[in-house]
Amino acid sequence: MGAIKLLVSGGCGFIGSQFVRTAVARDAQVVNLDKLTYSGNPENVADIADNPNHTFVQGDISDPEIVDGLMDGVDAVINFAAESHVDRSILDPTGFITTDVLGTAVLMQAAHKHGVSRFVQVSTDEVYGPVPEGEVDENAALRPSSPYSASKAGGDLQALAFATTFGLDVVITRGANTYGPRQYPEKLIPLFVTNALDRLGLPIYGDGQQVRNWIHVDDHCAGIWTALEKGESGRVYNIAGDQYATNMEITRLILEHTERGEDLIRHVSDRPGHDRRYGLDASRLKALGWDPEVEFAHGLEETVTWYRENRSWWEPIKSGEYRRYYERQYGTT
Ligand code: DAU
């Protein structure tokens with residue numbers, strides 16, 4: 001891609017930081033705007049902190065002044081910045097609207113004003129709501145269940161409106177459940193892996209038979225690249241992996257890889273409004289030449305190894321703010 005200049009928001013988060021790393025490796029010039037909320041972590045980009053193609057700026061996408069000051073010469077914006085955890089959106093919904101809807105609109109307004117050629121809105125399969133069987137394509141209705149997914153759907157609708165009304169070149173990606181190194185340990189896989197390593201309980205919501213589609217973070221980032229480079233303006237692209245699994249199946253695999261027993265399993269109250277299953281048809285993106293490459297069994301094992309070998313990354317996280325959230329969410333399981 002040569003010396004393309006990208007503004008990546010949320011580039012210190014789990015998926016964003018992996019994307020920034022890939023972009024810098026591809027010789028793109030990256031401005032990484034991140035608010036550094038509880039889940040944004042400069043450690044996630046420590047390996048490229050001194051790379052001349054990577055500039056970090058701390059700031060909020062819903063702050064028009066900051067955003068406006070960063071758009072000069074930018075070819076494309078990739079918006080990863082979001083409040084993204086369903087359980088936190090149930091505890092406290094309004095902050096999600098500020099970042100996921102207002103922030104997206106502020107970022108797009110600045111992109112439009114500065115004539116940015118492409119805006120990629122990184123979204124989620126959760127906007128479709130539960131898919132009891134089969135797979136939905138990009139034409140499916142939006143039926144979000146949680147304050148989180150409703151706020152992401154709001155961001156998507158703003159993005160499509162900016163395309164229609166202002167002619168902003170927008171592409172939306174809707175990704176499935178993503179896993180891999182550096183994921184904040186509030187999500188199922190890193191929470192259960194780190195708890196299992198510490199011989200703590202694994203809190204399974206309800207019967208644990210909920211189904212998710214899983215995709216490795218590298219494959220998700222590759223999908224976003226494909227949408228950035230080859231996506232058609234104004235279109236939505238689903239990004240899914242090949243693996244469907246129940247939460248119970250994921251839990252058993254984690255116990256196996258961490259060499260722990262089922263005595264760690266705790267059945268706790270179900271998540272209110274819990275989506276039973278997601279199912280995503282990614283053939284539109286596959287037609288552009290993208291395909292997921294990481295086989296789930298291998299990717300999960302490698303991810304467990306990463307958490308085992310990188311305690312120094314997650315141990316400090318699991319104190320302070322995390323501890324307060326954890327006790328509010330789970331009591332003292
Ligand atoms: O589908 C894409 C979405 O995947 C992303 O848009 C979200 O940002 C991301 O958080 C994720 O949403 P989920 O709600 O599916 O992920 P989470 O890791 O929170 O939960 C996965 C499943 O595991 C879900 O059925 C709830 C269940 N679960 C989760 C936690 C944290 C438990 O049973 N116990 C738990 O403690």
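Only a predicted model underlies this, so the values are computations on that prediction, with no experimental measurement involved.

1. As for the pattern of salt bridges
Stage number 1. All chains considered together, the criterion is met by 16 salt bridges.
Stage number 2. Between D198 and R311 there is a salt bridge whose closest N-O contact spans 2.8 Å. Highlighted residues: D198 in the loop between α6 (188–197) and β8 (202–205) and R311 in helix α11 (residues 311–314), separated in sequence by 113 residues.
Stage number 3. D198 sits in the partly exposed class, given a relative accessible area of 33%.
Stage number 4. Through salt bridges that share partners, R88, E186 and E321 make up one connected network.

2. Describing the packing of aromatic side chains
Stage number 1. Per the counting criterion, the structure on display carries 14 aromatic pairs.
Stage number 2. With a centroid separation of 5.0 Å and an interplanar angle of 80°, the aromatic rings of Y38 and Y184 are classed as edge-to-face. Of this pair, Y38 sits in the loop between β2 (29–34) and β3 (54–58) while Y184 sits in the loop between β7 (177–179) and α6, placing them 146 residues apart in sequence.
Stage number 3. Three or more aromatic residues joined by ring pairs make a cluster, and in this case those are Y38, Y184, Y205, Y322, Y326 and Y330.

3. Here's the deal with the sheet that holds strand β9 (residues 211–216)
Stage number 1. Strand order in the open sheet formed by three strands is β7-β9-β11, and the pairing between neighbours is mixed. A strand with exactly one partner marks an edge of an open sheet, and here the two such strands are β7 and β11 (243–246). Averaged over all adjacent pairs, the angle separating strand axes in this sheet is 45°, with direction ignored.
Stage number 2. Bridge count for β9 against β11 is four bridges, and the pairing is antiparallel. When the sheet's bridge partners are listed, N213 is paired in β11 with Y244.
Stage number 3. Where helix α8 (residues 247–257) meets the sheet, it contacts β9 and β11, and its direction lies at approximately 90° from that of β11.
Stage number 4. Here helix α10 (residues 296–309) sits on the sheet and contacts β7, β9 and β11; the angle it forms with β7, its principal contact strand, is near 55°.

4. A few points about the site of the ligand
Stage number 1. Around the ligand there are 25 residues in total, and T124, D125, E126, Y148 and R271 lie nearest to it.
Stage number 2. Its free accessible area being 680 Å², the ligand has 95% of it covered by the protein chains.
Stage number 3. Elements supplying a minimum of two residues to the shell around the ligand: α3 (86–91), α6 and β8.
Stage number 4. Here the shell around the ligand is composed, by residue class, of ten nonpolar, eight polar and seven charged.
Stage number 5. Residues from two domains meet in the shell around the ligand; each of domain 1 (5–178 + 215–239) and domain 2 (181–212 + 246–275 + 297–330) gives at least three.

5. Looking at helix α5 (residues 147–166)
The periodicity of an α-helix, 3.6 residues per turn, causes residues three or four positions apart to be oriented the same way.
Stage number 1. With 20 residues, α5 extends 28 Å from end C-alpha to end C-alpha; this agrees with the ideal 28 Å at 1.5 Å per step.
Stage number 2. Those residues of α5 not exposed but buried are Y148, S149, S151, K152, A153, G154, G155, D156, A159, F162 and A163.
Stage number 3. Check the buried side of α5 and you find it contacts α3, α4 (94–113), β5 (118–124) and β6 (170–175).
Stage number 4. Positioned one or two residues after α5, G167 has a phi angle of 70°, which is positive.

6. Brief notes about helix α12 (residues 320–330)
Stage number 1. By the burial criterion, the buried members of α12 are Y322, Y325, Y326 and Y330. With its buried residues spanning 100° around the axis, α12 presents them on a single face. Summarising the geometry of α12, the exposed residues directed more than 90 degrees from the buried face are R324 and R328.
Stage number 2. If you follow the buried residues of α12, they end up packed against α3, α6 and β8.

7. A closer look at unusual backbone geometry
Stage number 1. We note that D27 has phi near 70°; this positive angle belongs to a residue other than glycine.
Stage number 2. Structurally, D27 can be placed in the loop between α1 (14–25) and β2.
Stage number 3. Unlike most non-glycine residues, R199 shows phi in positive territory, near 55°.
Stage number 4. Relative to the helices and strands, R199 is located in the loop between α6 and β8.
Stage number 5. We classify R199 as exposed; its relative accessible area is 57%.

8. A look at the packing of α6 against α10
Stage number 1. Viewed as axis vectors pointing N to C, α6 and α10 meet at an angle of 55°, and their least axial separation amounts to 10 Å. The angle between α6 and α10 falls in the class oblique. Regarding α6 and α10, the two cross each other, and that crossing is right-handed. Contacts between α6 and α10 involve I189, P190, V193, T194 and L197 from the former and L300, V304, Y307 and R308 from the latter.

Quick notes on the rules
Counting starts from 1 at the beginning of each chain's written sequence and moves along it residue by residue. Totals for whole chains, interfaces and linings use every residue, but because this is a predicted model, local features are given only for residues with pLDDT of at least 70 and side-chain atom pairs only at 80 or more, for both listing and counting. Each side-chain value is derived from all of the structure's non-hydrogen atoms; neither hydrogens nor water enter the calculation. For this analysis, a salt bridge means a side-chain nitrogen from Lys or Arg found within 4 Å of a carboxyl oxygen belonging to Asp or Glu. Put simply, DSSP marks the helices as runs of H or I at least four residues long and the strands as runs of E at least two long, and each gets a number from the N terminus on. Type-normalised accessible area, obtained with a 1.4 Å probe on protein chains alone, sets the label of each residue: buried when under 20%, exposed when over 50%, and partly exposed for intermediate values. Stacked, tilted and edge-to-face are the three classes applied to pairs of Phe, Tyr and Trp rings, where Trp contributes its six-membered ring and a pair requires centres within 6.5 Å; stacked means planes under 30 degrees apart, edge-to-face means over 60, and tilted covers the rest. Here, strands pair whenever DSSP counts at least two bridges between them. Every angle, taken between N-to-C directions, lies between 0 and 180 degrees, and every axis is a line fitted to C-alpha atoms, over only the stretch in contact when it is a helix. The contact rule is simple, with two residues in contact once any of their heavy atoms fall within 4.5 Å. Whether a residue is near a molecule or strand depends on its heavy atoms: if one lies within 4 Å, it is near. Accessible surface is estimated by sampling points in the Shrake-Rupley manner with a 1.4 Å probe; for residues, cover comes only from the protein chains shown. Amino acids are sorted into nonpolar (Ala, Val, Leu, Ile, Met, Phe, Trp, Tyr, Cys and Pro), charged (Asp, Glu, Lys and Arg) and polar (every other residue, Gly among them). An automatic or database domain assignment provides the domain bounds reported here. For a helix, the expected span equals 1.5 Å multiplied by the residue count minus one. Each C-beta atom gives one direction from the helix axis, and the arc is the one those directions make. The cut-offs work like this: below 35 degrees is roughly parallel, past 145 is roughly antiparallel, 65 to 115 is roughly perpendicular, and the gaps in between are oblique. The crossing is said to be left-handed when, going from far helix to near helix, the turn is anticlockwise and less than a right angle, and right-handed when the turn is clockwise.

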